[in-house]
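Chain by chain, the residues:
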Amino acid sequence: MGSYYINRTFFFDVHPPLGKMLIGLAGYLSGYDGTFLFQKPGDNYEHHSYMGMRGFCAFLGSMLIPLAYLTVLELSRSLSAALLTAALLTFDTGCLTLSQYILLDPILMFFIMAAMLSMVKYNSCANRPFSAPWWFWLSLTGVNLAGALGVKFVGLFIILQVGWNTLSDLWHLFGDLSLSMVTLGKHLTARILCLIVLPLALYIATYAVHFMVLNKSGPGDGFFSSAFQARLSGNNLHNASIPEHLAYGSVITVKNLRMAIGYLHSHRHFYPEGVGARQQQVTTYLHKDYNNLWIIKKHNSNSDPLDPSLPVEFVRHGDIIRLEHKETSRNLHSHYHEAPLTRKHYQVTGYGINGSGDSNDFWRIEVINRKFGNRIKVLRSRIRLIHLITGCVLGSSGKVLPKWGWEQMEVTCTPYLKETLSSIWNVEDHINPKLPNISLEVLQPSFPEIMLESHMVMIRGNNGLKPKDNEFTSKPWHWPINFQGLRFSGANDTDFRVYLLGNPVVWWLNLLSIALYVLSASVFAVAVQRGAHLPVEVEGLSQVLLRGGGQLLFGWMMHYFPFFLMGRVLYFHHYFPAMLFSSMLTGLLWDTLLRLCAWSLASYPLARCVHVLGILSLLLGTAYRGPRLGRRFLIRGHVKVRRRTKRSWREEEGILQPLGG
């Protein structure tokens, strides 16, 4: 996708464009020409310059450590807590592996962590509102929120966390009776400008650049509407001129609005025996073809509407029409026979000879959200075809027909009248010699319409993501326990393999820390609520645990639990933003608990050593035992990869240790 930006070729992806744009920019600045095909992981780059793109992702991945360090330092005011957090991320093989390839994840995690740090920093400036540092960190939070959402939609989770922090902050200010209503209004306005207007403006600007750069026709055209495609150089609709309004006698193509369905199509092949009525097949086809052409005619007249002596009659919302297939002269037809693949739907066929058929060829054309009698616009009008006899709606199920149907998409007539994209169409090509042509530039959508359409397509694409054959997917409950990793490359024993798996010590320690935090925070919360008199040092540590740890636990929950509600395919790498928050919580929690232990043993001579020895034990255990345990974990799973040493390649049981691992 970075190559597409360099070549200015339009493509479709289920994620917003910022991450791919940055990768493309890094490649362009480092001399990459955008010609490598990226067919499968592990392909040899040969002479192509890829180090700029990898280096960019690796740099942002390496920045996660100082960002986490500074965040925990700000929340706990403890150097040892920040160091422990940094060590957990430094020695995690998962973060290391995820950061050293050309992926969106390190870019996403960078913006998430940067937004978290900025939020914590502007919280610390609460006693100096409207000062330069306060404005700086508040504005930087908005910039990072736009960056997180601009890379992937899961950036919405950090937006919700910052939003909750902002609401609680404003609620606290509202309870401060020393503040005037004017001051409260300034606080509210500042947050609206920096946390809503600024991120929204940057997010929209990202799409403006995206659409400006990608102005050539490419593999993403078919996912978008005909009007959208008309703006792409090289597309057959670009700079074309066609009649604006639909008229009887026009030769047209009809395109389904559901993603990747295509054009209404027919051909000289019949449905096989036992599949409904043995009549001509009607399907949808993704590519341009003469068999996509239909002639729109009146239902009760056989006269030629293109006769120069007859006046032009426009097709209007609510008209009863016939659609005659241009190549075979058979009418679009439906009846009570069951569809080939979809139960309770009716079969759609081509029927008749030279345009003559029966009343099952009659369809009522309706325009979505329009009044009866209105003309129908090419490209812009969203239409439905209602079968006059059965009352069903023409649509496509999206199911692929067997070989007898040339593996094209099934077309059905559904008795369920609910408006869905699979039953909504638009007219794309339009030929009528009796009508004046207009340039399609007049019909091109505006920027807000392009934005809305692209988001609808992305949302539908996300919801439609299903696992491929033999693809390793996972469930959310697998992730915190490091149940199974994710194979990045290598299909057989002879390939160089890369396997994504977290450091078991880090991940299991994080899981233990979450449970321990809930227990310890509950004890302190109950004690504080009951008015227990805590020593000054214990009270300070309890505030760190409840406030700082509470923000980190909330961040972990926001970046983890929503995946249980998602119906799309899920992978192991989706957990890594939540893993960052759990690692920060682990550093803060163990530092606080060890300080409490040291305080409780203050009467003993070696009390001060408890905290130091505890932190050192955790650091050494993470650095030494983690990679060794990770290797054993994989050996038991019979994973074979090649491991590269400085002098040679050798085959062994285990995982490729990432650089520095």
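Worth saying up front: this structure is predicted, and the values here are computed from it rather than measured.

Visitor: So what exactly am I meant to see when it comes to the pattern of salt bridges here?
Guide: Any two side chains of opposite charge can pair, so long as their charged atoms come close to each other. Going through the model one piece at a time under the given rule, you end up with 11 salt bridges. In this structure, Arg77 engages Glu74 in a salt bridge whose closest nitrogen and oxygen atoms are separated by 2.8 Å. Notably, a salt bridge pairs Asp105 with Lys152, separated by 3.4 Å at the nearest N-O pair. Of the two residues, Asp105 is situated in helix α7 (residues 105-124) and Lys152 in the loop between α8 (132-151) and α9 (156-174); the sequence distance between them amounts to 47 residues. Judged by relative accessible area, which is 9%, Asp105 ranks as buried. Accessibility expressed as a relative area gives 8% for Lys152, which makes it buried. Salt bridges here are not isolated pairs; linked through shared partners, they connect Glu74, Arg77 and Lys121.

Visitor: How should the domain arrangement of the protein be read in this particular structure?
Guide: Many authors give the size of an interface as the accessible area that is lost as the parts come together. As assigned here, the protein comprises domain 1 (1-48 + 103-215), domain 2 (241-439) and domain 3 (465-660). For domain 1 versus domain 2, the separation of C-alpha centres amounts to 45 Å.

Visitor: What's the story with the state of the cysteines in this structure? I'm lost.
Guide: What makes a disulfide is a covalent bond joining the sulfur atoms belonging to two cysteines. For the structure shown, the criterion picks out 1 disulfide. Each sulfur of the disulfide joining Cys392 and Cys413 lies 1.9 Å from the other. As the torsion about the S-S bond is roughly 95°, the Cys392-Cys413 disulfide counts as right-handed. On the criterion of sequence distance, the pair formed by Cys392 in the loop between β10 (383-387) and β11 (393-400) and Cys413 in strand β12 (residues 409-414) is long-range, its members being 21 residues apart. Here Cys597 stays free of any disulfide, with the sulfur of Cys609 as its closest cysteine sulfur at 14 Å. Exposure remark for Cys597: the relative accessible area of 36% places this residue in the partly exposed category. On the basis of relative accessible area, Cys609 is assigned to the partly exposed category, the value being 35%.

Visitor: Explanation requested: the UniProt feature "domain: MIR" (unreviewed entry) in the protein in the structure shown.
Guide: The UniProt entry lists residues 243-299, 312-368 and 373-430 under the feature "domain: MIR" (unreviewed entry), expressed in the numbering used here. Along residues 312-368 one finds 0% helix and 44% strand; the C-alpha atoms at either end are 24 Å apart.

Visitor: For this particular structure, what's the right way to read the packing of aromatic side chains?
Guide: When we look at a pair of aromatic rings, we describe it by the centre distance and by the angle of the planes. The final tally for this structure, using the stated rule, is 40 aromatic pairs. Measuring from centroid to centroid gives 5.5 Å for Phe572 and Phe576, while their planes differ by 75°, and the two rings are edge-to-face. As far as burial versus exposure is concerned, Phe572 and Phe576 are alike and both buried. Feature note: the residues Phe157, Trp479, Trp507, Trp556, Tyr560, Phe561, Phe563, Phe564, Phe572, Tyr575 and Phe576 constitute an aromatic cluster, connected by ring pairs. Residue placement shows Arg231 over the ring face of Phe228; its charged tip is 5.2 Å from the ring centre. Taking NZ or CZ as reference, Arg375 lies 4.0 Å from the ring centre of Phe314, over its face.

Visitor: Help me understand α7 in this model?
Guide: At 3.6 residues per turn, the α-helix brings residues three or four places apart onto the same side. Taking 1.5 Å of rise per residue, the 20 residues of α7 would be expected to cover 28 Å, and the 29 Å separating its terminal C-alpha atoms lies within 8% of that figure. With 17 of 20 residues buried, α7 is to be regarded as a mostly interior element.

Visitor: Can you walk me through unusual backbone geometry in this structure?
Guide: Outside of glycine, negative phi angles account for most residues, and trans bonds account for most peptide bonds. Here the phi dihedral of Lys344 falls at roughly 70°; this positive angle occurs in a residue that is not glycine. Among the structural elements, Lys344 can be located in the loop between β7 (331-338) and β8 (346-351). Assessed through its relative accessible area of 59%, Lys344 is described here as exposed. Phi is positive for Glu407, close to 55°, though the residue is something other than glycine. Residue position: Glu407 is located in the loop between β11 and β12.

Visitor: I'm lost on the nonpolar core in this one. Help?
Guide: Considering soluble globular proteins, one finds that nonpolar side chains tend to be buried as a cluster. In terms of nonpolar packing, the biggest core is built from 86 residues, with Ile158, Leu552, Trp556, Tyr575, Phe576 and Phe581 touching the most fellow members. The element contributing the most residues to this core is α7, with 14 residues. Taken domain by domain, this core gets at least three of its residues from each of domain 1 (1-48 + 103-215) and domain 3 (465-660). Those residues in contact with Phe576 that sit more than four places away from it in its chain are Asp92, Gly94, Cys95, Leu98, Met109, Leu500 and Trp507.

Visitor: I'm lost on the pairing of strand β13 (residues 425-431) in this one. Help?
Guide: Along β13, 5 of the 7 residues are buried, which leaves the element largely enclosed by surrounding structure. Relative to β13, strand β2 (residues 251-256) is paired through 5 bridges, and the arrangement is antiparallel. Residue pairing across strands places Asn256 opposite Trp425, the latter belonging to β13.

Visitor: Honestly, the packing of α7 against α9 in this entry has me stumped. Any pointers?
Guide: A pair of packed helices is captured by two measures, namely the crossing angle of their axes and the spacing between those axes. As a packed pair, α7 and α9 sit with axes 10 Å apart at the nearest point and diverge in direction by 10°. Classified by the interaxial angle, the pair formed by α7 and α9 is roughly parallel. For the pair formed by α7 and α9, the contact residues are Ile112, Ala115, Met116, Met119, Tyr122 and Asn123 on the first element and Ile158, Gln161, Val162, Asn165, Thr166 and Asp169 on the second. A per-class count over the contact of α7 with α9 returns 7 nonpolar, 4 polar and 1 charged.

Visitor: Would you mind going over the confidence of the model for the protein with me for this structure?
Guide: Caution is warranted with low-pLDDT regions, since their predicted coordinates should not be read in detail. Summarising the model, the protein shows a mean pLDDT of 85, and 91% of its residues fall at 70 or more. Taken as a whole, residues 635-661 scores under 50 in pLDDT and shows 54 contacts with residues more than four places along the chain or in a different chain.

Visitor: Looking at this model, I keep getting lost on helix α2 (residues 18-29). Mind explaining?
Guide: Compared with the 16 Å implied by 1.5 Å per residue over 12 residues, the 16 Å span of α2 between its first and last C-alpha is a close match. Looking at the packing, one finds that the buried side of α2 touches α1 (2-7), α3 (51-62), α7, α8 and α10 (181-213). Immediately beyond the C-terminal end of α2, within one or two residues, lies Gly31, with a positive phi of roughly 95°.

What counts and what doesn't
- Residues numbered from 1 in each chain as written.
- Predicted model: local features only at pLDDT ≥ 70, side-chain atom pairs only at ≥ 80, totals over all residues.
- Heavy atoms only, no water.
- Salt bridge = Lys/Arg side-chain N within 4 Å of Asp/Glu carboxyl O.
- Helix = DSSP H or I, 4+ residues; strand = E, 2+ residues; numbered from the N terminus.
- Buried < 20%, exposed > 50% of the residue type's maximum accessible area, 1.4 Å probe, protein only.
- Domains from an automatic or database assignment.
- Disulfide = S-S within 2.5 Å.
- UniProt positions renumbered as here; feature names shortened; annotations may be inferred.
- Phe/Tyr/Trp six-rings, centres within 6.5 Å; stacked < 30°, edge-to-face > 60°.
- Lys NZ or Arg CZ within 6 Å of the ring centre and 35° of its normal.
- Expected span 1.5 Å × (residues − 1).
- Core = buried A, V, L, I, M, F, W, Y, C linked by side-chain atoms within 4.5 Å.
- Contact = heavy atoms within 4.5 Å.
- Pairing = 2+ DSSP bridges.
- Axes fitted to C-alpha atoms, helices over the stretch in contact; angles between N-to-C directions.
- Parallel < 35°, antiparallel > 145°, perpendicular 65-115°, else oblique.
- Nonpolar A, V, L, I, M, F, W, Y, C, P; charged D, E, K, R; others polar.
- pLDDT = per-residue confidence, 0-100.

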